[in-house]
Amino acid sequence: MLTITDVSRRSGVASSALRFYEERGLIASERAGSGHRRYHRSALRRIAFIVFAQRIGLTLEEIGAELAQLPADRVPSRRDWSRLSSTWAKRIDQRIAELQRLRSGLGECIGCGCLSIDRCRLANPVDVAGRKGPGARYWLG
């Protein structure tokens with residue numbers, strides 16, 4: 001069993017985030033006689049999964065749903081983890097495409113419809129982007 005300090009140091013995740021993850025049901029701890037949290041070593045894998053899933057854009061709700069698919073009666077195997085992450089390639093490709101759109105739009109009008117920049121008047125005549133909805137329409141795709 002590991003203390004919250006040990007888990008924080010080994011995972012690189014702040015203790016406050018670990019407590020938050022626990023409140024959300026993403027990880028679990030047991031309480032020692034002193035009331036301090038103690039984590040099984042397997043929590044480190046769950047935390048690594050959470051961090052990676054957040055980096056590719058999954059919400060905590062989505063992460064919770066993914067983690068709920070893991071077996072409750074044993075420590076998840078490499079195969080269990082692989083099965084969960086196997087559908088992420090499409091999500092990563094979508095994220096890459098979104099980031100490429102953002103990068104290409106850095107030097108151009110973001111299509112917000114405000115027409116406050118001279119360049120926008122040329123790239124967005126008669127507020128075409130504004131009719132498509134609020135926000136950075138060209139960046140949103």
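Refer to the structure above for everything that follows.
In every chain, residue numbers begin from 1 and rise along the written sequence. A pLDDT threshold of at least 70 governs which residues receive local features in this predicted model, and a stricter bar of 80 or more applies before side-chain atom pairs are shown or counted, although totals over entire chains, interfaces and linings include all residues. Side-chain measures here rest on the full set of heavy atoms in the structure, leaving out hydrogens and waters.

## Observations regarding the overall build of the chain
Alright, step 1. Looking only at helices and strands, the chain has nine helices and three strands in total.
Alright, step 2. In this description a helix means any DSSP run of H or I spanning at least four residues, a strand means any run of E spanning at least two, and both kinds are numbered starting from the N terminus. Listed N to C, the secondary structure of the chain is β-α-α-β-β-α-α-α-α-α-α-α in terms of helices and strands.
Alright, step 3. Areas reported here follow the Shrake-Rupley algorithm with a probe of radius 1.4 Å; residue values treat only the protein chains shown as occluding. A total accessible area of about 9,300 Å² is found for the chain, and carbon and sulfur atoms account for 53% of it.

## Let's talk about the packing of aromatic side chains
Alright, step 1. Planes of paired rings set the category: under 30 degrees apart is stacked, over 60 is edge-to-face and the rest tilted, where pairs are Phe, Tyr or Trp rings (Trp by its six-membered ring) whose centres lie within 6.5 Å. This structure, assessed with the given rule, holds three aromatic pairs.
Alright, step 2. Taking the centre distance of 5.2 Å and the plane angle of 45 degrees together, the rings of F49 and W81 count as tilted. Remark: W81 occurs in helix 5 (residues 78-85) and F49 occurs in helix 3 (residues 43-55); sequence separation between them is 32 residues. Taken as a pair, F49 and W81 share a single burial class, namely buried.
Alright, step 3. Centre to centre, the rings of F49 and W88 are 5.2 Å apart; their planes meet at 45 degrees, and the pair counts as tilted. Highlighted residues: F49 in helix 3 and W88 in helix 6 (residues 88-105), separated in sequence by 39 residues.
Alright, step 4. Note on exposure labels: buried denotes an accessible area under 20% of the residue type's maximum, exposed denotes more than 50%, and partly exposed covers the range between, all computed with a 1.4 Å probe on protein chains only. On the basis of relative accessible area, F49 is assigned to the buried category, the value being 7%.

## A short note on the packing of helix 3 against helix 4 (residues 60-67)
Alright, step 1. Contact geometry of helix 3 with helix 4 gives a least axis separation of 10 Å together with a crossing angle of 140 degrees. Taken together, the axes of helix 3 and helix 4 are oblique relative to one another. Note on packing geometry: the crossing formed by helix 3 with helix 4 is right-handed. Between helix 3 and helix 4, the residues in contact are R46, F49, I50, A53 and Q54 and L60, I63, E66 and L67, respectively.
Alright, step 2. Polar here means any residue outside two lists: the nonpolar Ala, Val, Leu, Ile, Met, Phe, Trp, Tyr, Cys and Pro, and the charged Asp, Glu, Lys and Arg; Gly therefore counts as polar. Tallied by class, residues from the contact of helix 3 with helix 4 come to six nonpolar, one polar and two charged. Axes, fitted as lines to C-alpha atoms, cover a helix only where it is in contact. Angles between the N-to-C directions of the axes lie from 0 to 180 degrees. Orientation categories follow fixed angle ranges, with anything under 35 degrees roughly parallel, anything over 145 roughly antiparallel, 65 to 115 roughly perpendicular, and all other angles oblique. If you view the pair so one helix is near and one far, a crossing is left-handed when the near helix is turned anticlockwise from the far one by less than a right angle, and right-handed when it is turned clockwise. Here, residues are in contact when the closest pair of their heavy atoms is within 4.5 Å.

## With respect to the nonpolar core
Alright, step 1. One finds L18, Y21, I63 and L67 to be the most contacted residues of the largest nonpolar core, which totals 24 residues.
Alright, step 2. Looking at this core, the elements with two or more residues in it are helix 1 (4-11), helix 2 (15-23), helix 3, helix 4 and helix 5.
Alright, step 3. Here this core gets six residues from one element, more than from any other, and that element is helix 3.
Alright, step 4. When sequence neighbours within four positions are dropped, the list of residues in contact with I63 reads L26, F49, I50, A53, Q54 and L58. Side-chain atoms within 4.5 Å link the members of a nonpolar core, which is a set of buried Ala, Val, Leu, Ile, Met, Phe, Trp, Tyr and Cys residues.

## Observations regarding helix 3
Alright, step 1. Here the expected length of a helix is defined as 1.5 Å per residue gap, with one fewer gap than residues. Taking 1.5 Å of rise per residue, the 13 residues of helix 3 would be expected to cover 18 Å, and the 18 Å separating its terminal C-alpha atoms lies within 8% of that figure.
Alright, step 2. Along helix 3, the residues classified as buried are A43, L44, I47, F49, I50 and A53.

## Let's talk about the sheet that holds strand 2 (residues 30-31)
Alright, step 1. The criterion for strand pairing is that DSSP finds at least two bridges linking the strands in question. Strands sit in the order 1-3-2 across an open sheet of three strands; the sheet is antiparallel. With partners counted over all chains shown, the strands left at the sheet margins are strand 1 (2-3) and strand 2, one partner each.

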